[in-house]
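Okay, here's what each chain looks like letter by letter:
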Amino acid sequence: EGMALPQRMLFPPEEICMDWQQRQRPGAGLCNLGSTCYINVILQCLTYTPPLANYLLSRDHSQLCHQQGFCMMCIMEAHVRKVLHSSANVIWPRAVVRDLKFIGEEFEPDLAGDACEFLRCALEAMQRACLRGSSNLDISSQTTTIIHQIFGGFLKSRVTCLRCQAVSDSYKAFLHVLLDIKAPSSLTTALEDFVTPKKLDGKYCLKCSKCEKKVTSSKWVTVYRVPKVFTVCLERAADHTGKKISKIVEYPEYLDLRPYMSDTAGEPLLYSLYALVVHSGDTCLDGHFFCYTKASNGLWYKMDDESVDNCGIHAVLRQQAYLLFYAR
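Residues numbered from 1 in each chain as written. Predicted model: local features only at pLDDT ≥ 70, side-chain atom pairs only at ≥ 80, totals over all residues. Heavy atoms only, no water.

Engineer: Just to check I follow, could you spell out the packing of helix H1 (residues 37-47) against helix H7 (residues 115-131) for this structure?
Structural biologist: The relative placement of two packed helices is expressed as an angle between their axes plus a distance between the axes. Their axes nearest at 9 Å, the elements H1 and H7 cross at an angle of 55 degrees. Between H1 and H7, the crossing angle belongs to the class labelled oblique. Between H1 and H7 lies a crossing whose hand is right-handed. Between H1 and H7, the residues in contact are Tyr38, Ile39, Val41, Ile42 and Leu46 and Ala115, Phe118, Leu119 and Leu123, respectively. (Axes fitted to C-alpha atoms, helices over the stretch in contact; angles between N-to-C directions. Helix = DSSP H or I, 4+ residues; strand = E, 2+ residues; numbered from the N terminus. Parallel < 35°, antiparallel > 145°, perpendicular 65-115°, else oblique. Left-handed = near helix turned anticlockwise from the far one by under 90°. Contact = heavy atoms within 4.5 Å.)

Engineer: I tried to follow the UniProt feature "domain: USP" (unreviewed entry) in the protein chain on my own but got confused; where do I start?
Structural biologist: UniProt annotation of "domain: USP" (unreviewed entry) refers to residues 28-328 when read in the numbering used here. Between the first and last C-alpha atoms of residues 28-328 the distance is 26 Å; the span itself is 29% helix and 29% strand. (UniProt positions renumbered as here; feature names shortened; annotations may be inferred.)

Engineer: What exactly am I supposed to notice about the nonpolar core here?
Structural biologist: Buried together is how nonpolar side chains tend to be arranged in soluble globular proteins. Met73, Phe118, Ile147, Val277 and Leu323 are the most contacted members of the largest nonpolar core, which totals 65 residues. The residues contacting Leu323, other than those within four sequence positions of it, are Ile42, Ala115, Cys116, Leu119, Val232, Cys233, Ala275, Leu276 and Val277. Judged by nonpolar contacts, the second largest core, of 34 residues, contains Phe174, Val232, Tyr251 and Met261. (Core = buried A, V, L, I, M, F, W, Y, C linked by side-chain atoms within 4.5 Å. Buried < 20%, exposed > 50% of the residue type's maximum accessible area, 1.4 Å probe, protein only.)

Engineer: For this particular structure, what's the right way to read the sheet that holds strand S6 (residues 198-200)?
Structural biologist: In a beta sheet, neighbouring strands pair by backbone hydrogen bonds and run either parallel or antiparallel. Strand order across the open sheet formed by 4 strands is S4-S3-S9-S6, with antiparallel pairing between neighbours. The open sheet has two free edges, formed respectively by strand S4 (167-174) and S6, since each of these has just one partner strand. When strand polarity is set aside, the average angle formed by the axes of neighbouring strands in this sheet is 30 degrees. Bridge count between strand S3 (residues 153-161) and S4: 8 bridges; the pairing is antiparallel. Considered in S4, the bridge of Lys156 is made with Tyr171. (Pairing = 2+ DSSP bridges.)

Listed below in structure tokens is the structure:
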């Protein structure tokens, strides 16, 4: 329906395993190499993403990779193996910090960074690694990598001309969703806000192909295809000055995405929380990141750089969350 089918399937979706294939106690903490807490939290959340960890632990990527130099998938594979399989209590994530400029040009080892931005760049670097060696791929085929098969979904944007009622649909792939929390006090109200039609007028007017001029229209964004892992960033920057929205935004342990779909009829689409990132600090430009993750033994742990301490779900659900990770 309006979306082109991929000409090539780069990774078979049926080979993705959503449950841990190896159950064990949590792995090592990560040493802070200066101002790298924003990197450590994302590395830990990705390490405890079951379908990604299962794939990386299988070594399927490195066995076929001929890349000389930087490869984010190879780096992540080595990192996850080290964290989950080494007997050490603390790991130095040197390889990631050493190649930081290849992950994102804006990152520097001794400067603080943003966890959401690092997640975006890390996923895109892994995506580029999965596409290497596959030239002339159509856009749809590019969204069939293991990374898009796990984290990727599609948004549908429907623009309706309020003059002639002409409708045009477009689709956009996403690896995470950014939610405005200025007004909402919960994740579900922020998602309701996200899928509420918005009026586009004044300087936001779009050109209608039928009326052949700029007109007032309505834009309605919904989730067209859900990802296996739904990642949400709660936008805590109040404005470009770095002022922070510090309120608590409630989020559930279990989330149904069905009400936010283009097609709201059908079975519930249930997700469970398995990781979250917290930012502590008065402004977005400073402070500290730590995270909570659910290990393969089913228990929750607070991971704050070198320290890994077990905790209960009640503590997990009471945080000033910045990033939330939900798995189907």
